[in-house]
Amino acid sequence: MTTEAADAWKHWHETRLDRVSAPYGPLALTATHWVEDHPDGRLPDIPGTWVADGEGVVLTAGEADGLSVDGRPFAGEVRLTADRGPEAEARVALGEKRLVVLVREGVWGVRVYDPGSAARRAFKGIEATPYDARWSVPGRFTPYDDTRTVRVGNADGRERGLALAGELAFALDGQELTLRVAQQGDGLLWAVFADATSGGSSFRFRFLYPAAPDAEGRTTVDFNRAQLPPCAFADHFVCPFPPPGNTLDVAIEAGERAVS
């Protein structure tokens, strides 16, 4: 079983490398512009004018701007909502670049993904600790009666709400620990955590995605799959910092540690 788990981890790690280094993966992000910061509608180094109207972003451009929308050269005006699919399929493009529309707490923005980014060219890999079965332990998820939203700092220096669904309890080396976690639409849990290695032998915080708990709340807490947040690969992501209670006083010497 340990060999199978180690092989599964190796496959997971290799898949992570492929996704991170993909043409429109996190290494390709070169800018995030918040439209409200540019009242004239002119975003740095992006042609056209971009104006938020509450329900989306209105883009106005001419043929000379060189933009395309839905794969066709664009001139005129178009209303854009947040891109929901892969970055490579964003509606707006400028040559090989993809201009991804996003919204955070009602604030609209545009992200620039460039396959030729310096970070993507320089990427050599992800430093990760080899699989060790002792870092994979049973966990139990206890949901809150209602979702609790806490305000936490984000990697871009702003504070935003983080919706938490419950608490995940587990034991490491006989020590009882808990993490406050979010829950995604498919049931997958999401923990933003730090530990005694954070900022030293590992990045300042990491993400963990335990499997959807069963009817009794049981799942597996596998720190071998602790992963770097997107902001470890590019400065323009707005990753949330760990919420109160999610800085563990143990050294989690497992999972992804740093970009190499």
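It should be noted that the structure appears before, not after, this text.
Small disclaimer: the values here were computed from a predicted structure and weren't measured. (Residues numbered from 1 in each chain as written. Predicted model: local features only at pLDDT ≥ 70, side-chain atom pairs only at ≥ 80, totals over all residues. Heavy atoms only, no water.)

A. A look at the sheet that holds strand 6 (residues 76-80). Sheet architecture is open: three strands sit in the order 2-3-6, paired in antiparallel fashion. On the outer flanks of this sheet lie strand 2 (49-52) and strand 6, each paired with one strand and no other. On average, adjacent strands in this sheet sit at an angle of 20° to one another, irrespective of strand direction. Looking at chain direction, strand 3 (residues 57-61) and strand 6 are connected through five bridges and run antiparallel. Following the sheet pairing, Val58 is matched in strand 6 by Arg79. (Pairing = 2+ DSSP bridges. Helix = DSSP H or I, 4+ residues; strand = E, 2+ residues; numbered from the N terminus. Axes fitted to C-alpha atoms, helices over the stretch in contact; angles between N-to-C directions.)

B. Structural context of the side chain of Arg206. In this structure, Arg206 sits in strand 15 (residues 206-208). Separated by 3.0 Å, the side chains of Arg206 and Asp195 make a polar contact. Side-chain polar atoms of Arg206 contact the backbone oxygen of Glu256, separated by 3.0 Å. Setting aside residues up to four positions removed in sequence, Arg206 forms contacts with Ala191, Val192, Phe193, Asp195, Thr197, Ala226, Gln227, Pro229, Ile252, Ala254, Gly255 and Glu256. (Polar contact = N/O pair within 3.5 Å; in protein donor to acceptor, adjacent residues only side chain to side chain. Contact = heavy atoms within 4.5 Å.)

C. Structural context of the pairing of strand 9 (residues 107-113). When you tally the buried positions in strand 9, you get six out of seven residues, the bulk of the element. As defined by bridge partners, strand 1 (residues 29-34) adjoins strand 9 across five bridges and the pair is classed as antiparallel. Across the sheet, residue Ala31 finds its bridge partner in strand 9, namely Val112. Across seven bridges, the pairing between strand 8 (residues 97-104) and strand 9 is antiparallel. If you follow Val101 over to strand 9, its bridge partner there is Val110. A loop of two residues connects strand 8 with strand 9, the two strands running antiparallel in sequence, and Glu105 in this loop sits at a positive phi of about 50°. (Buried < 20%, exposed > 50% of the residue type's maximum accessible area, 1.4 Å probe, protein only.)

So yeah, pure geometry; function would need other evidence.
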